[in-house]
Amino acid sequence: MSVSAQRRVLSKDGHNNARVDNLEGKMQLYLHDIWTTVLDMKWRYKLTLFISTFFTTWFAFGILYYLIGLKNGDIDIPPTSNHTPCIANVATLTSAYLFSLESQTTIGYGFRHINEECSLAILALVVQLVMTGLAEIFVTGAFLAKLARPKKRAESVRFSRYAVVCARHGKACVMVRVANMRNSLLVQCQINGKLLSPYITEEGEKNLLHQVPVNFRLDSSDEWPFLVVPLTFYHELDESSPLAGLTAESLKTSDFELVLSLSASTESTGTFCQCRTSYTPQEFLWDWDLGVEVRRRQGTGYSQRTKVYAIHAPDNKRSIIFED
């Protein structure tokens, strides 16, 4: 059962495929919220920014020190001259760059140092330490914040690849399975669904992304579930359901996208995380069911494997669609 390629708002791994184009002042909006912009950067851009911050500041202030030495007449002075340079032993652009690097990294002033009578060089050194200190704090903080983002924890929560439609408690239901792949627990879990579909208003205006809530629940209760084993959430296709009237035939021509999001708090840090996925009509299996196969491993632990199979198919025709 291959899933045909189609445009979708949300990818299976939860990434947003929608993009806003032709917005005036979009770049200014990104710069106004520079912290979020840096956090949302891809790792290759963030590493480039992290490295270039150091090299750029070292080189920029190295040029400044070189210009100060050039203005003071420190460049190409003879060794026997009694001239007192602003910065000792800085007579070339390379030596000025090395002095800038040594100043910013505070690795010492044994060979190159500023003369206390050169106020311009002292002022340049103070400005460098203040500006580069702030820049390094920002870039390093953004680097660590991206490593600790709850988004990475959400990647270890998996949804079943397909949504199945079958009878549950005598009613037709849409069911999905959610599994936590880590041993650390997620607490206060809550799952929400949104049905995205085209909609034409009474005024004749077409809304491409009309959003309707779809309620999912567990068999046990409507309270926060304990996601220690893979759990099956289901939505009843009753009269109040936005998917009411859904049939196996209508799935072939339907145009909608079911977006699911699981919100929870991580047990170890207490931070909030959210994982998402979506299902298109081609990813609904009619008259199929979800089953869990639990196997004991060596020791005291158990391994679980989720099977998706046709209800009326023989055992040798049942296929494993999703494993956790």
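Up top you'll find the structure we're talking about.
Residues numbered from 1 in each chain as written. Predicted model: local features only at pLDDT ≥ 70, side-chain atom pairs only at ≥ 80, totals over all residues. Heavy atoms only, no water.

A. Quick look at the overall build of the chain. Counting its secondary structure elements, the chain contains six helices and eleven strands. A burial count over the chain gives 36% of its 324 residues as buried. Restricting the contact set of the chain to residue pairs at least 6 apart, pairs at least 24 apart contribute 59%. If you sum the accessible surface of the chain, you get close to 20000 Å²; carbon and sulfur atoms cover 56% of it. (Helix = DSSP H or I, 4+ residues; strand = E, 2+ residues; numbered from the N terminus. Buried < 20%, exposed > 50% of the residue type's maximum accessible area, 1.4 Å probe, protein only. Contact = heavy atoms within 4.5 Å. Areas by Shrake-Rupley, 256 points an atom, 1.4 Å probe, with all protein chains shown as cover.)

B. Looking closely at the environment of Thr 232. With respect to the secondary-structure elements, Thr 232 resides in strand 6 (residues 231–236). Looking at Thr 232, the relative accessible area reads 13%, which means it is buried. Taking the C-alpha atoms as reference points, Thr 232 and Met 175, 57 residues apart in sequence, are found 6.5 Å from one another. If we ignore the near neighbours within four places in the chain, the residues touching Thr 232 are Met 175, Val 176, Arg 177, Arg 217, Leu 218 and Leu 290. Reaching out from Thr 232, the side chain makes a polar contact with the side chain of Arg 177 at a distance of 2.8 Å. (Polar contact = N/O pair within 3.5 Å; in protein donor to acceptor, adjacent residues only side chain to side chain.)

C. Summary view of the pairing of strand 5 (residues 206–214). Alignment of strand 4 (residues 186–200) against strand 5, held across seven bridges, turns out to be antiparallel. What sits directly across from Ser 197, in strand 5, is His 210. With antiparallel pairing between neighbouring strands as the criterion, strand 4 and strand 5 make up a hairpin whose turn holds five residues, including Gly 204 at a positive phi of roughly 90 degrees. (Pairing = 2+ DSSP bridges.)

D. The arrangement of the sheet that holds strand 4 in detail. With antiparallel pairing, four strands are arranged side by side in an open sheet as 5-4-7-8. Strands with a single pairing partner mark the edges of an open sheet, and in this sheet they are strand 5 and strand 8 (272–279). The sheet shows a mean angle of 25 degrees between the axes of neighbouring strands, direction not considered. Pairing analysis gives eight bridges linking strand 7 (residues 257–266) to strand 8, with the strands arranged antiparallel. Along strand 8, the bridge assignment pairs Leu 258 with Tyr 279. (Axes fitted to C-alpha atoms, helices over the stretch in contact; angles between N-to-C directions.)

E. Here's a closer look at the packing of helix 3 (residues 43–71) against helix 4 (residues 93–105). Following both chains from N to C, one finds helix 3 and helix 4 inclined at 125 degrees, their axes separated by 7 Å at the closest point. Regarding the angle of helix 3 to helix 4, the classification is oblique. Both helix 3 and helix 4 take part in a crossing whose hand is right-handed. Only Leu 93, Ala 96, Tyr 97, Phe 99, Ser 100, Leu 101, Gln 104 and Thr 105 of helix 4 make contact with helix 3, whose side of the interface consists of Phe 54, Phe 55, Thr 57, Trp 58, Phe 59, Phe 61, Gly 62, Ile 63, Tyr 65 and Tyr 66. Partitioning the contact of helix 3 with helix 4 into residue classes produces 13 nonpolar, five polar and no charged. (Parallel < 35°, antiparallel > 145°, perpendicular 65-115°, else oblique. Left-handed = near helix turned anticlockwise from the far one by under 90°. Nonpolar A, V, L, I, M, F, W, Y, C, P; charged D, E, K, R; others polar.)

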